[in-house]
Amino acid sequence: LYAAKAGYYSQGFSIINCSWGGVGYNMFEQELISMCADDYNALIFGAAGNENIEQAHYPSSYDDIISVTALGENNSWNHWATYHYTVDLASPGESIQSCVNNGNGYSSWSGTSMATPVAASVAGLMKSLYPSWNKDQIEMMIIATADPIIYEVNQEPYLEGKLGSGRVDALMGLTTPLF
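Note that the structure is a prediction, hence the values are computed from the model and not measured.

A word on the layout of surface pockets. If you add up the space inside the largest pocket, you get close to 260 Å³. Along the wall of the largest pocket there are 16 residues; nearest its centre are Cys18, Trp20, Leu32, Ile33 and Pro59. At the level of elements, strand S1 (14-18) and helix H2 (27-39) are the ones that each hand at least two residues to the lining of the largest pocket. By residue number, the principal contributor to the lining of the largest pocket is H2, which donates four residues.

As structure tokens, this is what we get:
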């Protein structure tokens, strides 16, 4: 709520990354997420989980959140990230360099918590290039321009439609006219 309000009162818009979660729906959490999205114009991304199971993961499975699962090299799902019909996008999430607080500066990490900020950053690029687009337009375009090649690479029948619309594609998201 703080992040949504801070973005709303400074820029009229915010992009929020939620890289935490687990199982269990909570109606109060859903109401808070919806309030951030509806009342404070927040575009919210959530990490889908790292459990290699078909299961709803929260907060990413709530309404008003773009749920992101992780891919490895060459669009491969690699059988460790959560998959589910509530997943909206896939994004690179293996061997991602991340800041660490141990004096060494960076370390390589894997997880949907690494994939989700990649997708959220594409939304930030879209908003910076098209400042007049609202959160619903950015959400629609980031999902609609995702590359469905992931289903050619990951052909297991149980994955169909459960890795989202495709791999987030920054170039397509930035160059495709609003429709």
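Here the narrative resumes, following the displayed structure.
All right, on to helix H3 (residues 112-129) then. Over its 18 residues, H3 runs 26 Å from end to end, which matches the ideal 26 Å to within 8%, given 1.5 Å per residue. All of the buried residues in H3 are Thr112, Met114, Ala115, Thr116, Ala119, Ala120, Val122, Ala123, Met126 and Lys127.

What follows deals with the pattern of salt bridges. With the rule as written, the count across this model stands at four salt bridges. Residues Asp169 and Arg167 are paired through a salt bridge, measuring 4.0 Å at the closest nitrogen-oxygen approach. Across the pair, exposure class does not vary: Asp169 and Arg167 are buried alike. Among the charged side chains, a salt-bridge network with shared partners connects Asp147, Arg167 and Asp169.

One open sheet holds the four strands; their spatial order is S1-S2-S3-S4, and the pairing between them is parallel. Lying at the two open borders of the sheet, with one neighbouring strand each, are S1 and strand S4 (89-92). Along the sheet, successive strands turn relative to each other by an average axial angle of 30°, direction set aside. Pairing of strand S3 (residues 65-71) with S4, which is carried by four bridges, proceeds in the parallel orientation. If you follow Val68 over to S4, its bridge partner there is Leu89. Against the sheet, H2 contacts strand S2 (42-47) and S3, and its axis sits at roughly 140° relative to S2.

Phe45, Leu89 and Ile142 are the most contacted members of the largest nonpolar core, which has 29 residues in total. Those elements that provide at least two residues to this core are S2, S3, S4, H3, helix H4 (135-144) and helix H5 (150-153). With six residues, the top contributor of residues to this core is H3. Not counting the four nearest positions on each side in its chain, Phe45 is found in contact with Ile15, Ile16, Asn17, Cys18, Ile65, Ile66, Val68, Thr116, Ala119, Ala120, Ala123 and Ile142. Ile16, Cys18, Cys36 and Ile44 belong to the second largest nonpolar core, which has 12 residues in total.

This brings us to the environment of Gln155. Positionally, Gln155 belongs in the loop between H5 and helix H6 (170-175). Distance in space between the C-alpha atoms of Gln155 and Lys135 is 32 Å, their sequence separation being 20 residues. At a separation of 2.8 Å, a polar atom in the side chain of Gln155 contacts the main-chain carbonyl oxygen of Glu152.

Contact geometry for H3 and H4: axes closest at 10 Å, N-to-C directions at 125°. In this view, H3 runs oblique relative to H4, as classed from their interaxial angle. Crossing of H3 over H4 shows right-handed handedness. For the pair formed by H3 and H4, the contact residues are Ala119, Val122, Ala123, Met126 and Lys127 on the first element and Ile138, Met141 and Ile142 on the second. When its residues are assigned to classes, the contact of H3 with H4 shows seven nonpolar, no polar and one charged.

The rules behind each value
- Counting of residues starts from 1 at the beginning of each chain's written sequence and follows it residue by residue.
- Two thresholds apply to this predicted model, a pLDDT of at least 70 for residue-level local features and 80 or more for giving and counting side-chain atom pairs, whereas whole-chain, interface and lining totals are computed over all residues.
- Side-chain descriptors were evaluated using all non-hydrogen atoms of the structure, hydrogens and water having been removed beforehand.
- For each structure, a 1 Å grid was placed over the protein atoms alone; sets of points admitting a 1.4 Å probe that cannot get out are labelled cavities, open sets with protein on both sides within 12 Å along at least five of seven lines are labelled pockets, and lining residues have an atom within 4 Å of a point.
- Grid points are joined across faces, edges and corners, and a volume is the space filled by probe spheres set on the points.
- Numbering of helices and strands starts at the N terminus; helices are DSSP runs of H or I of at least 4 residues and strands are runs of E of at least 2.
- By definition here, a helix of n residues has an expected span of 1.5 Å times n minus one.
- When accessible area is computed with a 1.4 Å probe and restricted to protein chains, residues below 20% of their type maximum are described as buried, those above 50% as exposed, and intermediate ones as partly exposed.
- The working definition used for a salt bridge is a side-chain nitrogen of Lys or Arg within 4 Å of a carboxyl oxygen of Asp or Glu.
- When DSSP finds two or more bridges between two strands, those strands count as paired.
- Axes, fitted as lines to C-alpha atoms, cover a helix only where it is in contact. Angles between the N-to-C directions of the axes lie from 0 to 180 degrees.
- Here, two residues are considered to be in contact whenever any of their heavy atoms come within 4.5 Å of each other.
- Buried residues of nine kinds, namely Ala, Val, Leu, Ile, Met, Phe, Trp, Tyr and Cys, make up a nonpolar core once their side-chain atoms join them within 4.5 Å.
- Distance and chemistry together define a polar contact, namely a pair of N or O atoms within 3.5 Å, with one atom able to donate a hydrogen and the other to accept it when in protein, and with adjacent residues in sequence counting only for side-chain atoms on both sides.
- Any angle between 65 and 115 degrees counts as roughly perpendicular, while under 35 counts as roughly parallel, over 145 as roughly antiparallel, and the rest as oblique.
- Left-handed describes a crossing in which the near helix is turned anticlockwise from the far one by less than a right angle; the clockwise case is right-handed.
- Side-chain classes follow a simple rule in which Ala, Val, Leu, Ile, Met, Phe, Trp, Tyr, Cys and Pro form the nonpolar group, Asp, Glu, Lys and Arg form the charged group, and the remainder, Gly included, forms the polar group.

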